[in-house]
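Observations on the model geometry
Here is how the chains run, residue by residue.
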Amino acid sequence: MIAGILAGLTWALETVILGIALAMTPFVSTEQAVFLAPFVSTFLHDFFSAIWAMIYNTVRGNLLKVFACLKKKGGRFVVVAAIIGGPVGMTGYVMAVNYMGASIGAVASAIFPAIGAVLAYFFLKEKMQWYRWILLIITLLGVYGLSYSPDLNIHNFWLGLIGALMCAFGWGIEAVILAKCMQDPDVKDEYALQIRQTTSAIVNGAIILPLIKGWGFTADLLTSNTGWLLPVIAIAALFATVSYLFYYRAISQIGASKSMALNVTYTAWAIVFTVLILRDTSVLTPVTIICAIVVVVCGIFAAADFKDIIGKNS
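Here's what I pulled together on the structure shown here.

**Some details on the packing of aromatic side chains**
Remark: the centre distance and the inter-plane angle together describe each pair of aromatic rings, the angle taken between the planes. Applying the stated rule across the entire model yields ten aromatic pairs. Centre to centre, the rings of W130 and Y131 are 5.8 Å apart; their planes meet at 85 degrees, and the pair counts as edge-to-face. Residue class for W130 comes out exposed when judged on its relative accessible area of 63%. Ring geometry for Y244 versus Y248: centroids 5.7 Å apart, planes at 70 degrees, classification edge-to-face. You can see Y244 and its partner Y248 sitting in helix α12 (residues 229-254), four residues apart, about one turn around the helix. When sorted by exposure, Y244 lands in the same class as Y248, which is buried. Among the aromatic side chains, those forming a connected cluster through ring pairs are W11, W171, Y244, Y247 and Y248.

Written as structure tokens, this is what we have:
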């Protein structure tokens, strides 16, 4: 459960930092740049994250084990999960952040635990006690409360909503597939992360960017003087990698539905980091404060099995 909470906290930090990158001049200078920003930043984000994961696995001596994992059925299904969670889910997430803002984009995309919990119930036979369903529903109501504010500047609600739905279904399905794959002891969370981020970067670079004719713009970013843009994306990718490590560990240890309930707390942490880093206090209202507390508290309890806790304490 601690791993799940830390996954949410570090993902919230990644959200705000990525939002800073998306607001920089190269991504807002022209209409083409604004259109390509979510897709190009997704590719760069996952590319840098794959490098961070490779450094981590190299230091731990895991690279050969990652290649061996790919030969197994579970490893190959991680590739499928990567395509669904990366090019689909992550692109949708970045679209939500780009068109609805960092804090609200994070909130809007956070409905994925409900989708994932239903899928986990049917396909993984993960039982959700009645009180956990109630707490999850309350958590999502808190998410809705966080998302509503007439004072926020939303650039394009419908594109942001499409992105949020892509993200929700992509990440929900991804978590269920990963939970099934990591039931195999040879498919560890570190290996799954390396496969996931590398696959996502390859698919984005080889398929998505050519389809939208985004490689020219991407090449300009990589070869031109863009200031702090690439370092900021790399820093966001570092926190994303740390978040994924915690998240995958939680999935492997406590299951998909519980891990997603914990991970959704990033919506509340995103509000905190928006205030601390961006100095944006417009998101601080009595409603958002109350809803943020509801999301964190109910998200944690939605992941808790009170019978197990009572049994251990007794």
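**Digging into the pattern of salt bridges**
Oppositely charged side chains are able to pair whenever their charged atoms sit close together. One pass over the full model with this rule turns up six salt bridges. A salt bridge links R196 to E174; the shortest N-O distance between them is 2.7 Å. With R196 in helix α10 (residues 189-211) and E174 in helix α9 (residues 157-181), this pair connects stretches of sequence that are 22 residues apart. Among the ionic pairs, R249 bridges to D189, the shortest N-O distance being 3.0 Å. Placement of the pair is R249 in helix α12 and D189 in helix α10, with a sequence separation of 60 residues. Owing to a relative accessible area of 30%, R249 belongs among the partly exposed residues under this scheme. We classify D189 as buried; its relative accessible area is 9%. When salt bridges with common partners are traced through the structure, they connect R60, D189, E190 and R249 into a single cluster.

Reading the values: rules and limits
Residues numbered from 1 in each chain as written. Predicted model: local features only at pLDDT ≥ 70, side-chain atom pairs only at ≥ 80, totals over all residues. Heavy atoms only, no water. Phe/Tyr/Trp six-rings, centres within 6.5 Å; stacked < 30°, edge-to-face > 60°. Buried < 20%, exposed > 50% of the residue type's maximum accessible area, 1.4 Å probe, protein only. Helix = DSSP H or I, 4+ residues; strand = E, 2+ residues; numbered from the N terminus. Salt bridge = Lys/Arg side-chain N within 4 Å of Asp/Glu carboxyl O.

What is shown is where atoms sit, not what they do.
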